[in-house]
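Here is how the chains run, residue by residue.
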Amino acid sequence: QVHVVESGGGLVQVGGSLRLSCVVSGGTFTDYVVAWFRQAPGKEREFLAGINGSGGSLATADSVKGRFTISRDNAKNTVYLQMDSLGPEDAAVYYCNAPRGPTSFFSDWGQGTQVTVSS
């Protein structure tokens, strides 16, 4: 059973940066594509970025391209999301997961990590 735990969220000012972490347990870490998502109040969960087992970036959403960078440390079973130039539109709960297919995932959704952006 794959399990994910997100951390690193918090309160940041407009224009600031945060780095989120996603620790993945269960299975062989390098076998998994891992992706970051976010969900703002009243909105659907939005895909942000994905990364393959060898560290190659697979895709990045247009809404965060050039500001957010996904990476992974296979020695630590951890995927990161570096977020720069944060704006009010980035406030949301951020989640990670390992996609099994277009709409299915290896893990249950975790609790996520809250990002709040103050102006």
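Residues numbered from 1 in each chain as written. Predicted model: local features only at pLDDT ≥ 70, side-chain atom pairs only at ≥ 80, totals over all residues. Heavy atoms only, no water.

1. Some words on the pattern of salt bridges
When the charged atoms of two side chains lie near each other, side chains of opposite charge can form a pair. Put simply, the test is: Each reported salt bridge corresponds to a side-chain nitrogen of Lys or Arg within 4 Å of a carboxyl oxygen of Asp or Glu. Only protein chains enter the calculation, and the probe is 1.4 Å; a residue is then buried if its accessible area is under 20% of its type maximum, exposed if over 50%, and partly exposed in between.
Summed over all chains, the structure comprises four salt bridges. Here Glu46 and Arg38 are joined by a salt bridge, their closest N and O atoms 2.8 Å apart. Since its relative accessible area comes to 27%, Glu46 is described here as partly exposed. A single salt-bridge network, built from bridges that share partners, covers Arg38, Glu46, Arg67 and Asp90.

2. Concerning the state of the cysteines
Quick reminder of the rule: Only a pair of cysteine sulfur atoms within 2.5 Å counts as a disulfide in this structure description. Only DSSP runs of H or I with at least four residues qualify as helices, and only runs of E with at least two residues qualify as strands; both kinds are numbered from the N terminus onward.
Applying the stated criterion across every chain, the model contains one disulfide. The side chain of Cys22 participates in a disulfide bridge whose partner is Cys96; the two sulfur atoms lie 2.0 Å from each other. Judged by the torsion about the S-S bond (80 degrees), the Cys22/Cys96 disulfide is right-handed. Of this pair, Cys22 sits in strand 3 (residues 18–25) while Cys96 is found in strand 9 (residues 92–97), placing the two residues 74 residues apart along the sequence. On the basis of relative accessible area, Cys22 is assigned to the buried category, the value being 0%.

3. Examining the nonpolar core
Let me state the cut-off plainly: For the purposes of this section, nonpolar cores are sets of buried Ala, Val, Leu, Ile, Met, Phe, Trp, Tyr and Cys residues that join through side-chain atoms within 4.5 Å.
Formed by 29 residues in total, the largest nonpolar core has its most connected members in Val34, Trp36, Leu81, Met83 and Tyr94. Elements with a contribution of two residues or more to this core: strand 3, strand 4 (34–39), strand 5 (46–51), strand 7 (68–73), strand 8 (78–83), strand 9 and strand 10 (113–118). If you tally residues by element for this core, the top one is strand 3, at four residues.

4. Quick word on the pairing of strand 3
Convention followed: Pairing between strands is defined by DSSP: at least two bridges between them are needed.
Summarising the sheet, strand 1 (residues 3–7) and strand 3 pair through five bridges and their orientation is antiparallel. Opposite Val5, over in strand 3, you have Val23 as the bridge partner. As judged from the six bridges shared by strand 3 and strand 8, these two strands associate in the antiparallel manner. What sits directly across from Val23, in strand 8, is Thr78.

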